[in-house]
Amino acid sequence: MSEDIKNGIKLCPDGKYRWAYEVNMYRNPTIFYVIANMFLICYLVCVVLFSVINFCLDEEVLSSILMLTGVFLFLLLITIPAYLVIAAIMGGTYAALFVMDENGIEHHQMPKKVKKLQLINTIGGWMGAAKGDLSMVGLSLFSSGVQVTKTDFKNVRLVKTAPRRNLIKLTEAWYSWNHIYVDEEDYDWVCQYIKDHCPTAS
């Protein structure tokens, strides 16, 4: 039998905690921040690369940096309406399913047609199962288009909390992270559980 740990978190028969979360893409800017950071990283890499090339060729570096800065600002500017269009296409939200145990956590980003209520019903299917491999029960209904990001707690180097956005960010390396979303009433419990199981995190 499964057990209600908190309001929206269930402890299923396979010993894993599961919960669903629906991200409001208009009110929660996390996804936009990720896109903007990707552009910034690309910009910085290009600045360094062009600077080295121009220096080696004994050409002016400043003009190349100014050109790259203009391109970056233009791309960042058009990213805002592009993001709003994508959010509108997705109905303003996307649903995510989280699976957590003492070893790590999985973030299942679902196709746009899947809503939080469907995920809650899926978790209910896990709860009713008495035995067997529960990892694919119910989830197979949404297998098309599911993207899974898995994080092992032992590899986590940084746990960053943003309770106003219902977000816990787990960083394994500068290029590898996982965004965990939790409802407000369950946030503190999940945050503490993760910190207790990340021995190398700061």
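Predicted model only: the values in this text are computed from it and were never measured. (Residues numbered from 1 in each chain as written. Predicted model: local features only at pLDDT ≥ 70, side-chain atom pairs only at ≥ 80, totals over all residues. Heavy atoms only, no water.)

1. Section: the nonpolar core
Point 1. One finds Trp19, Met100, Ile168, Leu170 and Ile194 to be the most contacted residues of the largest nonpolar core, which totals 32 residues.
Point 2. For this core, the elements supplying multiple residues, two or more each, are strand E3 (17-24), helix H2 (62-89), strand E4 (93-100), strand E7 (158-162), strand E8 (167-173), strand E9 (176-181) and helix H4 (184-196).
Point 3. Sorting elements by how many residues they give to this core places H4 first, with 5 residues.
Point 4. Those residues in contact with Met100 that lie beyond four places of it in its chain are Lys16, Tyr17, Trp19, Ile105, Phe153, Trp189, Val190, Tyr193 and Ile194. (Core = buried A, V, L, I, M, F, W, Y, C linked by side-chain atoms within 4.5 Å. Buried < 20%, exposed > 50% of the residue type's maximum accessible area, 1.4 Å probe, protein only. Helix = DSSP H or I, 4+ residues; strand = E, 2+ residues; numbered from the N terminus. Contact = heavy atoms within 4.5 Å.)

2. So, the packing of aromatic side chains
Point 1. Here the structure, examined in full by the defined rule, presents 5 aromatic pairs.
Point 2. Taking the centre distance of 5.5 Å and the plane angle of 25 degrees together, the rings of Trp189 and Tyr193 count as stacked. Of this pair, Trp189 and Tyr193 are both found in helix H4, 4 residues apart, which corresponds to roughly one turn of the helix.
Point 3. Classification of Trp189 by relative accessible area gives partly exposed; the value is 24%.
Point 4. Grouped by ring-pair contacts, the aromatic residues Tyr17, Trp189 and Tyr193 constitute a single cluster.
Point 5. Over the aromatic face of Trp177 sits the side chain of Lys169, whose NZ or CZ is 5.2 Å from the ring centroid. (Phe/Tyr/Trp six-rings, centres within 6.5 Å; stacked < 30°, edge-to-face > 60°. Lys NZ or Arg CZ within 6 Å of the ring centre and 35° of its normal.)

3. Re the pairing of E8
Point 1. Here 5 bridges tie E7 to E8, and the two strands are oriented antiparallel to one another. Across the sheet, Thr161 pairs through a bridge with Ile168, a residue of E8.
Point 2. Linkage of E7 to E8, two consecutive antiparallel strands, is achieved through a turn of 4 residues, within which Asn166 is found at a positive phi near 55 degrees.
Point 3. Across 6 bridges, E8 lies against E9 in antiparallel orientation. Residue Lys169 lies in a different strand from E9, and its bridge partner there is His179.
Point 4. Hairpin geometry of E8 and E9 is characterised by an intervening segment of 2 residues between the two adjacent antiparallel strands. (Pairing = 2+ DSSP bridges.)

4. As for the sheet that holds E8
Point 1. Spatially, the 3 strands line up as an open sheet ordered E7-E8-E9, and their pairing is antiparallel. The sheet terminates laterally at E7 and E9, the two strands that pair on one side only. When strand polarity is set aside, the average angle formed by the axes of neighbouring strands in this sheet is 20 degrees.
Point 2. Lying over the sheet, helix H1 (residues 30-56) contacts E8 and E9, oriented at roughly 165 degrees with respect to E9. (Axes fitted to C-alpha atoms, helices over the stretch in contact; angles between N-to-C directions.)

5. What to know about the pairing of E4
If a strand is regular, its side chains alternate between the two faces of the sheet.
Point 1. Taken across its 8 residues, E4 has 8 buried, putting it largely inside the fold.
Point 2. Side-chain alternation along E4 places Thr93, Ala95, Leu97 and Val99 on one buried face and Tyr94, Ala96, Phe98 and Met100 on a second face that is also buried.
Point 3. Two elements, E3 and E4, share 8 bridges in a ladder whose sense is antiparallel. Bridge pairing in E4 links Tyr17 to Met100.
Point 4. Across 5 bridges, the pairing between E4 and strand E5 (residues 104-109) is antiparallel. In the sheet register, Ala96 faces E5, and the bridge partner there is Gln109.
Point 5. The hairpin formed by E4 and E5 contains 3 residues between the paired strands.

6. With respect to H4
Since the α-helix advances by 3.6 residues per turn, residues separated by three or four positions end up pointing in the same direction.
Point 1. Compared with the 18 Å implied by 1.5 Å per residue over 13 residues, the 19 Å span of H4 between its first and last C-alpha is a close match.
Point 2. Where the residues of H4 are buried, they touch E3, E4, E7 and E8. (Expected span 1.5 Å × (residues − 1).)

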